[in-house]
Protein chains: 2
Amino acid sequence: MLDAELIEKLKAKNKRTISKLITKVEASEGEEKELLDNIYKLGGNSYRIGITGPPGAGKSTLTNQLTKLLIAQGKTVGIIAVDPTSPFTGGALLGDRVRMTEIGLHENVYIRSMATRGSLGGLSKKAIDASDVLDAAGYDFIIFETVGVGQSELDIAKTSDTTVVVLVPESGDSIQAMKAGLMEIADFFVVNKSDRPGADSAVMALKSILQLNRQTDGDWRIEILQTVASQNQGVKEVLDEIFKHKNYLEESGALTGRRIRNNKIRVKNIVENELRIEMWNDMRENYLSNEAPKVVERALSPFILAESLIENYKSENG
Amino acid sequence: MLDAELIEKLKAKNKRTISKLITKVEASEGEEKELLDNIYKLGGNSYRIGITGPPGAGKSTLTNQLTKLLIAQGKTVGIIAVDPTSPFTGGALLGDRVRMTEIGLHENVYIRSMATRGSLGGLSKKAIDASDVLDAAGYDFIIFETVGVGQSELDIAKTSDTTVVVLVPESGDSIQAMKAGLMEIADFFVVNKSDRPGADSAVMALKSILQLNRQTDGDWRIEILQTVASQNQGVKEVLDEIFKHKNYLEESGALTGRRIRNNKIRVKNIVENELRIEMWNDMRENYLSNEAPKVVERALSPFILAESLIENYKSENG
């Protein structure tokens with residue numbers, strides 16, 4: 001399945017080979033365990049950076065600028081951009097085109113966009129599986145760029161070694177981001193578009209929320225950086241902060257702990273996804289469809305129906 | 001468990017009885033099936049309205065105004081306000097206080113706020129279970145007011161008969177909302193704060209997206225209404241649109257189909273929640289914790305570890 005020639009091409013970062021493998025991984029519905037297993041064991045050397053935040057915060061621009069700095073240092077960078085929502089607007093597609101011209105053609109950069117609607121849980125799983133291909137290929141850095149709107153995007157962020165939450169000054173976005181659960185996952189914040197009015201007060205608001213709420217993560221101190229990514233202002237400092245965090249994790253030994261935690265989340269997601277697929281086979285889907293009208297008529301409660309479905313599932317495995 | 005006296009108090013909409021029952025429902029971790037089952041069978045007459053949208057769109061204000069109109073018509077209204085994020089800012093708590101003074105003290109209104117962080121899946125389940133208590137009590141209308149930020153909030157919206165998506169003109173919120181999956185669940189849109197600049201262009205943008213993307217839902221035509229809820233402008237029209245949609249569903253027979261669909265989603269959520277709880281007992285949590293370091297060392301892949309956990313779970317039920 002992964003013969004020596006394919007592995008050699010993969011390790012040489014042959015983009016066509018990488019694309020084909022990711023497509024294979026994306027297409028597999030949990031069946032190709034052997035392939036995934038083999039790919040997984042080839043990796044282990046990439047450092048994973050998550051860049052997340054609300055739509056329109058400038059995550060792509062920041063990612064592009066960071067990537068330019070990294071390749072200038074001779075590093076290799078794989079980017080997985082996840083936007084489950086882009087088919088609505090085409091925004092990501094336009095952004096993709098700009099990005100491909102700017103950095104995507106560089107030999108040390110590989111970019112993959114994922115934008116499948118409708119199966120959020122599946123999408124985060126596929127994005128993480130795809131990152132294994134990049135890891136196996138030996139990219140120094142893997143950047144996950146995700147829209148921070150749902151649990152699934154948070155799951156992707158949680159597989160990163162360093163997670164950067166990008167906000168913008170206006171409209172209380174910083175506050176709203178706190179609300180959406182981005183708070184717990186940030187290793188540091190970037191207030192992008194900081195040339196806009198209200199940037200300083202956004203930073204102040206963020207600081208006071210941080211002081212109120214954040215549990216400490218060892219000795220790591222969560223900073224708030226300001227950038228104007230479109231003009232490349234402050235981007236170098238963001239990269240410095242990423243490296244500072246990387247050094248902190250490595251020197252304190254916290255990196256292993258974090259990766260253990262991240263992998264536990266990943267395994268749980270794989271398990272729950274598989275149980276879900278097994279549970280909702282055609283037979284039980286049909287049973288549910290047949291019984292649901294009784295629930296509407298209040299002749300049957302959803303709780304009792306759920307119980308009989310679970311019993312049926314279990315008896316199958318008995 | 002639900003004796004005749006308690007049922008009588010419940011049917012009389014005794015607020016203390018309702019609160020106690022909801023608290024009981026909230027506290028139960030899937031165990032109190034009999035209670036939930038009994039409550040469920042008492043209901044069936046409430047019409048469920050979902051009001052969702054991004055934070056800060058003015059959902060609470062609109063809900064309050066709609067409620068005032070409904071009680072002026074002699075209707076009874078139960079409100080379940082879900083904001084998983086409010087502990088960060090206290091915003092919801094402040095809003096709650098205003099709301100209690102405005103409508104919450106009225107004998108025909110019951111308000112329950114739910115704002116538990118950390119267990120989103122659980123929160124949507126609890127909110128829906130709680131609505132069964134209000135349904136059993138016989139409220140004419142149940143309004144779910146939810147922040148449209150995640151899958152879980154969408155799940156709550158999906159249990160409604162009529163779902164209203166509230167947006168604001170500025171900062172491309174309408175577009176962003178499309179992206180966040182609010183699109184598929186809207187029976188109609190409200191652009192609130194329509195006295196702000198950009199309201200008309202926001203409506204135009206929304207219209208073109210709607211024309212491009214929306215599958216028709218029978219003969220129902222999705223409208224975009226404009227309001228300034230804080231000044232009670234356009235609120236009556238929103239209520240008219242809710243009634244128009246209610247009539248449409250009832251006369252076309254689509255209401256039953258929608259409720260069947262909604263209950264299927266609900267049953268699936270209950271099933272998956274129970275499987276999750278069963279799966280992750282202490283023994284398997286420990287096993288996962290013990291094995292996860294091997295995954296980090298690449299001696300074991302997450303896929304193989306997931307497989308052995310599933311095998312263990314199944315053998316337990318064998």
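Model, not experiment: these values are computed from the prediction.

## A short note on the overall build of chain A
Looking only at helices and strands, one finds 13 helices and seven strands in chain A. Here chain A holds 318 residues, and 46% of them are scored as buried. Long-range contacts, defined here as pairs at least 24 residues apart, represent 76% of the contacts in chain A between residues at least 6 apart.

## Describing the sheet that holds strand S2 (residues 77-82) of chain A
Residues and elements named next belong to chain A. One open sheet accounts for seven strands, arranged S3-S2-S4-S1-S5-S6-S7; its pairing is parallel. Either end of the sheet is taken by a strand with one partner, and the two such strands are strand S3 (109-114) and strand S7 (224-226). Averaged over neighbouring strand pairs, the angle between their axes works out to 20° when direction is ignored. Sheet analysis places strand S1 (residues 47-53) next to strand S4 (residues 141-147), joined by seven bridges and oriented parallel. The residue bridging Ile51 from the neighbouring strand is Glu145, located in S4. Each of S1, strand S5 (162-167), strand S6 (188-191) and S7 is contacted by helix H10 (residues 235-252), which is oriented at about 150° to S5, the strand it contacts most.

## Section: the nonpolar core
Counting residues in hydrophobic clusters, the biggest one holds 139 residues, and the most contacted among them are Val133(A) and Val133(B). When near neighbours in sequence (up to four residues on either side) are disregarded, Val133(B) contacts Ile18(B), Leu21(B), Ile22(B), Val25(B) and Ile39(B).

## Remarks on the packing of helix H1 (residues 4-11) of chain A against helix H2 (residues 15-27) of chain A
Residues and elements named next belong to chain A. Viewed as axis vectors pointing N to C, H1 and H2 meet at an angle of 110°, and their least axial separation amounts to 8 Å. With respect to H2, the element H1 is oriented roughly perpendicular. Read as a crossing pair, H1 and H2 show a hand that is left-handed. Mapping the contact onto sequence places Leu6, Lys9 and Leu10 in H1 and Thr17, Ile18 and Leu21 in H2. Residues of the contact of H1 with H2, tallied by class, amount to four nonpolar, one polar and one charged.

## Some points on the sheet that holds strand S6 (residues 188-191) of chain B
All names here are of chain B. One open sheet accounts for seven strands, arranged S3-S2-S4-S1-S5-S6-S7; its pairing is parallel. Both edges of this open sheet fall to strand S3 (109-114) and strand S7 (224-226), since each of them pairs with a single strand only. Pairwise comparison of adjacent strand axes, ignoring direction, gives a mean angle of 20° for this sheet. Bridge analysis of strand S2 (residues 77-82) against S3 gives six bridges, and the strand direction is parallel. Pairing of Val82 across the sheet is with Met114, part of S3. Against the sheet, helix H10 (residues 235-252) makes contact with strand S1 (47-53), strand S5 (162-167), S6 and S7, and its axis sits at roughly 150° relative to S5, the strand it touches most.

## Side note on helix H3 (residues 33-42) of chain A
Those residues of H3(A) that sit buried are Leu36(A), Ile39(A) and Tyr40(A). End-on view of H3(A): buried residues confined to an arc of 105°, all on one side of the axis.

## Observations regarding the pairing of strand S4 (residues 141-147) of chain B
Residues and elements named next belong to chain B. In terms of residue burial, S4 counts as a mostly covered element, since seven of its seven residues are buried. Neither face of S4 is exposed, since Phe141, Ile143, Glu145 and Val147 on one face and Ile142, Phe144 and Thr146 on the opposite face are all buried. In terms of strand pairing, S2 meets S4 through six bridges, oriented parallel. Counted as the bridge partner of Val82 is Thr146 from S4.

## Some points on the environment of Asp37(B)
Relative to the helices and strands, Asp37(B) is located in helix H3 (residues 33-42). According to the C-beta neighbour criterion, Asp37(B) is partly exposed, with 18 such atoms within 10 Å. Filtering out sequence-adjacent residues up to four positions away, Asp37(B) remains in contact with Ser301(A), Phe303(A) and Ile304(A).

## Points about unusual backbone geometry
Non-glycine residue Lys193(A) carries a positive phi angle of around 55°. By secondary structure assignment, the location of Lys193(A) is in the loop between S6 and helix H9 (199-213).

## Points about the confidence of the model for chain A
On average, residues of chain A score 85 in pLDDT, and 83% of them are at 70 or above. Considering only residues more than four positions removed or in separate chains, one finds that residues 86-92 of chain A, a stretch of pLDDT under 50, has 17 contacts.

## A closer look at the packing of helix H13 (residues 302-316) of chain A against helix H11 (residues 254-279) of chain B
Taken N-terminus to C-terminus, the directions of H13(A) and H11(B) make an angle of 55°; their axes are 9 Å apart at the nearest point. The angle between H13(A) and H11(B) falls in the class oblique. Seen from above, H13(A) lies across H11(B) with right-handed handedness. Judged by residue contacts, Pro302(A), Phe303(A), Leu305(A), Ala306(A), Leu309(A) and Ile310(A) of H13(A) engage Asn263(B), Arg266(B), Val267(B), Ile270(B), Val271(B), Glu274(B) and Leu275(B) from H11(B). Looking at side-chain class alone, the contact of H13(A) with H11(B) contains 10 nonpolar, one polar and two charged residues.

What counts as what
Residues numbered from 1 in each chain as written. Chains lettered and ligands numbered in written order. Predicted model: local features only at pLDDT ≥ 70, side-chain atom pairs only at ≥ 80, totals over all residues. Helix = DSSP H or I, 4+ residues; strand = E, 2+ residues; numbered from the N terminus. Buried ≥ 20, exposed ≤ 12 C-beta atoms within 10 Å, placed from the backbone. Contact = placed C-beta atoms within 7 Å. Pairing = 2+ DSSP bridges. Axes fitted to C-alpha atoms, helices over the stretch in contact; angles between N-to-C directions. Core = buried A, V, L, I, M, F, W, Y, C linked by C-beta atoms within 7 Å. Parallel < 35°, antiparallel > 145°, perpendicular 65-115°, else oblique. Left-handed = near helix turned anticlockwise from the far one by under 90°. Nonpolar A, V, L, I, M, F, W, Y, C, P; charged D, E, K, R; others polar. Arc of directions from axis to C-beta. pLDDT = per-residue confidence, 0-100.

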